[in-house]
Amino acid sequence: MKEELLESPGLSAPGSEWTFRHDLLRDAAYATIPEDERARAHGLAAAWLERKGRAEPLAVADHLERAGRASDAAEHLLHAAELAQRGGSLPDALELIARARPHVAPGRRGLLEALAGSVHAMMRDWTAATDASNKALALVPPGTLEWFRAAAIQTFASLSNADANTIGRVAAALEAIRSTPEPSGPYAFSIMTLVVALGMAGKRDTALQVLERVEGGLEEGQRDPSFTAWGEAARSHANLLLRDDPGRAAQSALRAARIGSELEDRVLDVSAAFFVAQSLLECGDARGAMAAATRALSHAAAVPYIEVWAQQVIARAHLRLGDVDAALLHIDDLSRSSDLVVRHRAAMLGARAAYLQGDRERSLELAHAVLASEVSPFDVAHAADLLAHLALDAGDLEQARRHVDYGKAVAASRGAMPTSRSSLDYVHAAVLEREGHVGEAARAAATAAGRVRRLRSVMPTPETELGWLALAENVALLELAARLHADASPPGEAPASQRGPAPSTTFFDEESTVDVVEFSRPTDPEPT
């Protein structure tokens, strides 16, 4: 009878497994088992799956629930929910969390709420994310993994809702915490989220202090690849926008992407693609950035929050390449977002598009609105740069200098995109040159020239497929720095241009480590 109902690929092999020939046969056989025996059988099946190793947690949970052991099943349901989240199945993750909620042990309720908050945040449901993270923080001790997970989500949700008070409280709590959880993927993901959110909120110093918590593990070569990947993603963002090091930001992003492609973690894979796109754009490779952002966008259904940020990279890349109409299609989508930060990014991109189209009034209107909002320091610095350009174009040197000073102050204290920093340096140098302050202009120009040099030192050959900081301003900066260096001669000496090649030198004081770049045009600059 057994042979008629069941089949096995190797009946005589030790440890061979039997399966029903058809689901209907299985259901019929199951119906003949008394209810108490069914519960016992499900308990035995769950135990067997756990002993077998690498069992699907959802399968174990199903058996435990049918065995009447719902509290035991809850832990497996939480594990299954985490796997669903990593795989990009966010609605499934929420369903599993809901199944676990009535039965989860009191000591695991904080984890459940932190996990729920993370899923809601990825789905851009900031109200639900805030509610869940608040519950988690009330349930877990500060400094635990669950606390970091909940704090990260609360910070990101507060950023999107422009809740500066909550961000300030989280930042203060982080600075007071000295304990560090064991290195793991979830911990590094939380650190990455905190670095991004705190950085975007202008909490530069706190963001860098938080990053230090995982950088030690990265240097020591922690074995957990997920920890390494999320740690490199956090480092990429910080290197790019907080440390002004686009070359090393690209290196970290590419390392995260390589690991992400090897792991079955859709969230990591999509997020890493975005970080690559963001860093490539700031390294001057607009086409490479667009390719990486398009890849992230094509899989963004798994992580809806990444979708809007991939779109803004694509819009910026189109603007860099001079395709304003294509950029405006993405900017229009972004401007309708419910996320305040995204809407202000759209306004900034709109201001840049209007500038490229020659619509001075519209560009001024949007840039002033972004400058007044103070929502994101990166966009504020960008707006100050654009307003400085508009003032320079109009010959208003005093206004241009005022915007440059403000933009550079924001960049130094809170962070900015490297291209914005270089563009501000260009306006600064141009203003000083027109005012006749040649030596000061040379120092301003050398700041951006040094940025190009640092990038080249990390990405030294075309084989890297990375371009250089390729804004028109950067090309002009190198030429301006060369000319100013040639003309800034001591009294009584011939101009440097008449004395032959000058040795590599620095225009900075003894505390500065930034040298003047070799005065040559960057290789194959992209059109802007």
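Up top is the structure.
Residues numbered from 1 in each chain as written. Predicted model: local features only at pLDDT ≥ 70, side-chain atom pairs only at ≥ 80, totals over all residues. Heavy atoms only, no water.

### Regarding the overall build of the protein chain
- In terms of regular secondary structure, the protein chain is built from 25 helices and two strands.
- Relative to its full complement of 528 residues, the protein chain shows a buried share of 53%.
- Summing over all exposed atoms, the protein chain offers an accessible surface of approximately 23600 Å²; the carbon and sulfur share of this is 51%. (Helix = DSSP H or I, 4+ residues; strand = E, 2+ residues; numbered from the N terminus. Buried < 20%, exposed > 50% of the residue type's maximum accessible area, 1.4 Å probe, protein only. Areas by Shrake-Rupley, 256 points an atom, 1.4 Å probe, with all protein chains shown as cover.)

### Some points on the packing of helix α21 (residues 377–393) against helix α22 (residues 397–413)
- Running from N to C, α21 and α22 point in directions that differ by 165 degrees, and their axes come no closer than 8 Å. Classified by the angle their axes make, α21 and α22 are roughly antiparallel. Like other packed secondary-structure pairs, α21 and α22 cross with a definite hand, here left-handed. On α22, the residues that touch Pro377, Val380, Ala381, Ala384, Leu387, Ala388, Ala391 and Leu392 of α21 are Leu397, Gln399, Ala400, His403, Val404, Tyr406, Gly407 and Val410.
- For the contact of α21 with α22, a count of residues per class yields 13 nonpolar, three polar and no charged. (Axes fitted to C-alpha atoms, helices over the stretch in contact; angles between N-to-C directions. Parallel < 35°, antiparallel > 145°, perpendicular 65-115°, else oblique. Left-handed = near helix turned anticlockwise from the far one by under 90°. Contact = heavy atoms within 4.5 Å. Nonpolar A, V, L, I, M, F, W, Y, C, P; charged D, E, K, R; others polar.)

### So, the nonpolar core
- Core analysis: the biggest nonpolar cluster contains 110 residues, and Phe148, Leu174, Met192, Leu194, Leu198, Trp230 and Trp309 have the highest contact counts within it.
- Counting 18 residues, the second largest nonpolar core, distinct from the first, contains Ala351, Leu366, Val370 and Ala384. (Core = buried A, V, L, I, M, F, W, Y, C linked by side-chain atoms within 4.5 Å.)

### Section: the side chain of His318
- As for its position among the elements, His318 is in helix α17 (residues 304–320).
- In this structure His318 touches Met290, Asp323, Ala326, Ala327 and His330, once residues within four positions along its chain are discounted.

### Side note on the pattern of salt bridges
- In total, this model carries 24 salt bridges according to the counting rule given.
- Notably, a salt bridge pairs Lys135 with Asp131, separated by 3.4 Å at the nearest N-O pair. Taken together, the residues Lys135 and Asp131, both in helix α8 (residues 126–139) and four residues apart, mark about one turn of the helix.
- Under the relative-accessibility criterion, Lys135 is labelled partly exposed at 41%.
- By relative accessible area, Asp131 is classed as partly exposed at 40%.
- The closest approach of N and O atoms between Glu215 and Arg235, which form a salt bridge, is 3.0 Å. In this pair, Glu215 is assigned in helix α12 (residues 204–220) and Arg235 in helix α13 (residues 225–241), connecting sequence segments 20 residues apart. (Salt bridge = Lys/Arg side-chain N within 4 Å of Asp/Glu carboxyl O.)

### Quick notes on the packing of aromatic side chains
- According to the stated counting rule, one finds eight aromatic pairs in the structure shown.
- With centroids separated by 4.8 Å and ring planes inclined at 75 degrees, the aromatic side chains of Phe189 and Trp230 adopt a geometry described as edge-to-face. Taken together, the residues span a long stretch of sequence, with Phe189 in helix α11 (residues 185–200) and Trp230 in helix α13 at a distance of 41 residues. Here Phe189 matches Trp230 in class, with each residue buried.
- Consider the rings of Phe274 and Phe275, whose centres lie 5.4 Å apart with planes at 55 degrees: the pair is tilted.
- The class of Phe274 is buried, set by a relative accessible area of 8%.
- Given the relative accessible area of 5%, Phe275 is considered buried. (Phe/Tyr/Trp six-rings, centres within 6.5 Å; stacked < 30°, edge-to-face > 60°.)

### Let's talk about α11
- The terminal C-alpha atoms of α11, which comprises 16 residues, lie 22 Å apart, in line with the 22 Å expected from a rise of 1.5 Å per residue.
- The N-capping residue of α11, defined by a side-chain oxygen 3.2 Å from the backbone nitrogen of Tyr187, is Ser184.
- A positive backbone phi angle near 85 degrees is found at Gly202, which sits one or two residues after α11. (Expected span 1.5 Å × (residues − 1). Polar contact = N/O pair within 3.5 Å; in protein donor to acceptor, adjacent residues only side chain to side chain.)

### Quick notes on the environment of Gln278
- As for its placement among the helices and strands, Gln278 is situated in helix α15 (residues 266–282).
- Gln278 sits in the buried class, given a relative accessible area of 9%.
- Beyond its immediate sequence surroundings of up to four residues, Gln278 is in contact with His237, Leu240, Leu241 and Val313.

### So, unusual backbone geometry
- Despite not being glycine, Arg124 shows a phi value in the positive range, around 65 degrees.
- Residue placement: Arg124 occurs in the loop between α7 (109–122) and α8.
- A positive phi angle is found at Asp244, which is not glycine, with a value near 60 degrees.
- Here Asp244 lies in the loop between α13 and α14 (246–262).

### A few points about the side chain of Glu215
- A relative accessible area of 13% means that Glu215 is categorised as buried.
- At a separation of 3.0 Å, a polar atom in the side chain of Glu215 contacts the side chain of Arg243.

### Some remarks on the packing of α8 against helix α9 (residues 145–160)
- Relative orientation of the contacting elements α8 and α9 amounts to 145 degrees, with a least axis distance of 8 Å. Of the two elements, α8 crosses α9, and the hand of that crossing is left-handed. The residues of α9 that touch α8, namely those facing Trp126, Ala129, Thr130, Ser133, Asn134, Ala136 and Leu137, are Trp147, Ala150, Ala151, Ile153, Gln154, Phe156, Ala157 and Ser160.

### Comments concerning the environment of Ala400
- Position of Ala400 relative to the elements: it lies in helix α22.
- Classification of Ala400 as buried rests on a relative accessible area of 0%.
- In this structure, the C-alpha to C-alpha distance between Ala400 and His389, residues 11 residues apart in sequence, is 6.9 Å.

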